[in-house]
Amino acid sequence: MSRYLDMIDDPSHVKKLTIAQLQELAGEIRHELITKLAPQGGHLASNLGVVELTIALHYVFSTPVDKFIWDVSHQTYVHKLLTGRKNRFATIRTTGGLSGFACPAESPHDCFGSGHAGTALSAALGFAAARDKLGTNENVIAIFGDAALTNGISFEALNNIATTTKRFIGILNDNAYSIDRNVGAIARYLNKLITHPSFNRLQRDLERLLKRMPKSEITLKLRHKAEEALKGVVSQASLKQAPEEREDEFDGRAGYGSSLIFEEMGLRYLGPIDGHNLPLLIDTFEFAKSCDQPIVLHLVTQKGKGYDAAIQSPEKFHGIGPYDIKTGDAIKPAPGTPPTYQEIFGETVVRLCERDTKLVGITAAMPSGTGLKALAKRFPDKYYDVGIAEEHAVIFAAGMAARGFHPIVAIYSTFTQRAYDCIIHDVALQKLPVILCMDRAGLSASDGPTHHGLFDVSFLRCVPNLIFMAPKDEDEFVDMLFTATQQSLPVCIRYPRGPAEGVKIKDKPELLQIGKAEVIKSWTPTTRRFQTSDSANNVGVVSDSLKVLLIPLGNMMSLGRKTAKLLEEQGYDTAIINPRFIKPLDAATITYYAQSADAIITFEDNVITGGFGSAVMELLSEQKIFTPLIRIGWPDQFIEHADSNEYLRQKYGITPEVAFEKLKDLFAQPESKHKFQVV
Ligand SMILES: Cc1ncc(C[n+]2csc(CCOP(=O)(O)OP(=O)(O)O)c2C)c(N)n1
């Protein structure tokens, strides 16, 4: 049987459907989401919650002329299905496929890209200001979640909207969830709005009435319909009320269930509105379209709607990997897969907190993702979830550190970018002992450029007073966490997403010497020297064992080891240094080996520009050691999404083979030249 979804090649086709057909379309879209995402996973729960709101948006507004700006934009899958991308939908988040986020390069219906939270209101206000200046007439709509509202940028934008434009539509999609349950005063405030007493009173009256009727199926249907209608009536009634007409309740400022936050910022507020009631959504959006004042529509939606497994565990289905459609179970990793760095982090923080009363853990809305949830369970009084507020998380930690506590702040590398100034100005400048644990340093393949953590080495290694480490495996990771707790300076640790190396973790962590690298492998004692035997043809020939020093940073160790093996098979001699510290760099060990090497190769899961290899290069330059250096790392460009890290590493030459090719090129040059060459 053909589906309405199959008929929609362009959002204008949505407008041709009746309400009943749109409702069927909503069911088809949910089915499409649940079935098509199962093989590779994705942001299922958030998208199931925005089905009706996205349909209604396309019914009332017309992209690409009208502008939809989504916060984070992980909830744009429905929008993608309705804007000419349904045939490629199954490719989402896979190599060469659709992005999991809004992406202007992908479609004219995506007017603004995103991946980090809190940007929609600011960007949309920029679009509105530009429209006002250009004298055009399009509608600008920002769609933002209740958790995005905990982000400071959202409030910076709200502060600025009414003084900038008269035409602005904000859609607050409130499902009470961030990834985990949304926390803090904003979450409580929104909850007050949606549990307004008059809504509950009317609902109770209706329930009483229905209870007296026979309990037939028809009654149940009727009851459901009546409830839907009631929500609409309540919402519409509350929409019509001006703030001053509302009853003052509880806090004496009409604050209970009122719209003060938005209205005091000069925005009209309509809500709470049932975000799954299509006719009501359409009416409300039509109203907003005609409004000559900035307006916020507060929609209440259910995360995971239409799929029991996702309703039961919205946090698990926020961003899930492959899953079984029937049971909702995540496909288990192959037997023998080592625990993830995130699991090890959570367990280690708990163990450290058991012994050290000054340690506390802080997350910016990522308790599950970072693994800090383990601390929340074991020591709730040592655990802080500050919401999507990375800047606040770091300064909050600085404050606690200034009063003698030792905070462990767990933030993904990519979101640490938000807190850069706070790390410099509030932590490093004051030498406060904050431990910054940067999860997902390196690739986040299926998310792509918004989420890869490929810059932190470059932007943090220039900050004074920091100790900066990267572990080669989970045992060293635990040593580093322990070592960090013994320092009185700020410490950063970067480590990747996913399974660790599978090595045994010692019972007792070791205190590492700050700034001391580990020599994994030294030169072979019998190595002979390099000779150039074909200088007439300007070609360096490996006629004897050349010495190549390999310095792989953190998780690049296995790549370094593989490269060493490959080089040794080709007759080179190799030494491997595990730097452990990006800062302070072990100048003594590195220069000692660099002096006796014919070439050096550094490896890093970071951009080459200003990265770890550059740090080694600066050191050698200062020491006047001119051994040529090859830097293996990410190029000076944004890296796309793909279904595996391995694919991207192959594509961008982060492989032993490419390291070897570069080395051969280097040695193919006249010796005088390669002695000064950086590749
Ligand atoms: C700056 C930043 N920090 C953290 C995240 C991780 N993150 C992605 S979505 C999300 C929750 C968003 O919740 P909400 O805005 O309510 O939207 P919902 O998924 O509930 O629709 C978080 C914390 C992010 N994308 N950006």
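Details of the structure are given in the entry above.
Everything in this summary refers to the structure shown in the same document. What you see is a predicted model, and the numbers here were worked out from it, not measured in a lab.

**Overview of unusual backbone geometry**
Following Thr63, the chain continues to Pro64 via a peptide bond in cis, the omega torsion being 5°. Checked against the element boundaries, Pro64 lands in the loop between α4 (51-60) and β1 (67-70). With an omega of -5°, the peptide bond running from Gly271 to Pro272 counts as cis. Secondary-structure assignment places Pro272 in strand β4 (residues 268-274). A positive phi angle is found at Ala176, which is not glycine, with a value near 70°. Here Ala176 falls in the partly exposed class, since 18 other C-beta atoms lie within 10 Å of it. The backbone of Arg580 shows a phi angle near 55°, a positive value even though the residue is not glycine.

**Quick notes on the site of the ligand**
The ligand sits among 22 residues. The nearest are Ser46, Ala117, Gly145, Ala147 and Ala148. In terms of residue class, the shell around the ligand is built from 9 nonpolar, 8 polar and 5 charged. Of the residues that make up the shell around the ligand, three or more belong to each of domain 1 (4-312) and domain 2 (341-494).

**Considerations on the sheet that holds strand β5 (residues 295-300)**
Pairing within the open sheet is parallel, and its 5 strands lie in the order β1-β2-β3-β5-β4. The open sheet has two edge strands, β1 and β4, and neither has a second partner. Adjacent strand axes in the sheet meet at a mean angle of 20°, parallel and antiparallel pairs treated alike. One ladder, built from 5 bridges, connects strand β2 (residues 140-145) with strand β3 (residues 169-174); its direction is parallel. Within β3, the position partnered with Ala142 by the bridge is Gly170. Those strands touched by helix α8 (residues 185-194) are β3, β4 and β5, and its axis lies near 70° from that of β4.

**Structural notes on the pairing of strand β16 (residues 599-607)**
For β16, a buried count of 9 out of 9 residues is recorded, marking the element as mostly surrounded by other parts of the structure. Judged from the 5 bridges that link them, strand β13 (residues 547-552) and β16 form a sheet pairing that is parallel. Pairing of Leu549 across the sheet is with Ile600, part of β16.

**Section: the nonpolar core**
Membership of the largest hydrophobic core comes to 178 residues, with the highest contact counts inside it found for Ala124, Ala393 and Val409. Excluding its chain neighbours within four sequence positions, the residues that come into contact with Ala124 are Ile69, Val140, Ala142 and Phe168.

**Observations regarding the sheet that holds strand β15 (residues 581-583)**
A sheet is described by the order of its strands in space; here 7 strands give the open sequence β7-β6-β8-β9-β11-β10-β15, paired in mixed fashion. Looking at strand neighbours, the two that pair on one side only are β7 (383-385) and β15, the edges of this open sheet. Adjacent strand axes in the sheet meet at a mean angle of 20° when their direction is disregarded. In this structure, strand β6 (residues 359-363) lies alongside β7, joined through 3 bridges in parallel fashion. Each residue of the ladder has a partner; that of Gly361, found in β7, is Tyr383. Packed on one face of the sheet, helix α14 (residues 341-355) meets β6, β8 (406-412) and β9 (435-439) and runs near 150° to β6.

**Some points on the environment of Pro635**
As for its placement among the helices and strands, Pro635 is situated in the loop between β17 (629-634) and α25 (645-651). Residues Pro635 and Leu454, 181 residues apart in the sequence, show an inter-C-alpha distance of 10.0 Å. Excluding residues within four positions of it along the chain, Pro635 makes contact with Ile608 and Tyr652.

So, how was this worked out
Residues numbered from 1 in each chain as written. Predicted model: local features only at pLDDT ≥ 70, side-chain atom pairs only at ≥ 80, totals over all residues. Helix = DSSP H or I, 4+ residues; strand = E, 2+ residues; numbered from the N terminus. Buried ≥ 20, exposed ≤ 12 C-beta atoms within 10 Å, placed from the backbone. Near = placed C-beta within 6 Å. Nonpolar A, V, L, I, M, F, W, Y, C, P; charged D, E, K, R; others polar. Domains from an automatic or database assignment. Pairing = 2+ DSSP bridges. Axes fitted to C-alpha atoms, helices over the stretch in contact; angles between N-to-C directions. Contact = placed C-beta atoms within 7 Å. Core = buried A, V, L, I, M, F, W, Y, C linked by C-beta atoms within 7 Å.

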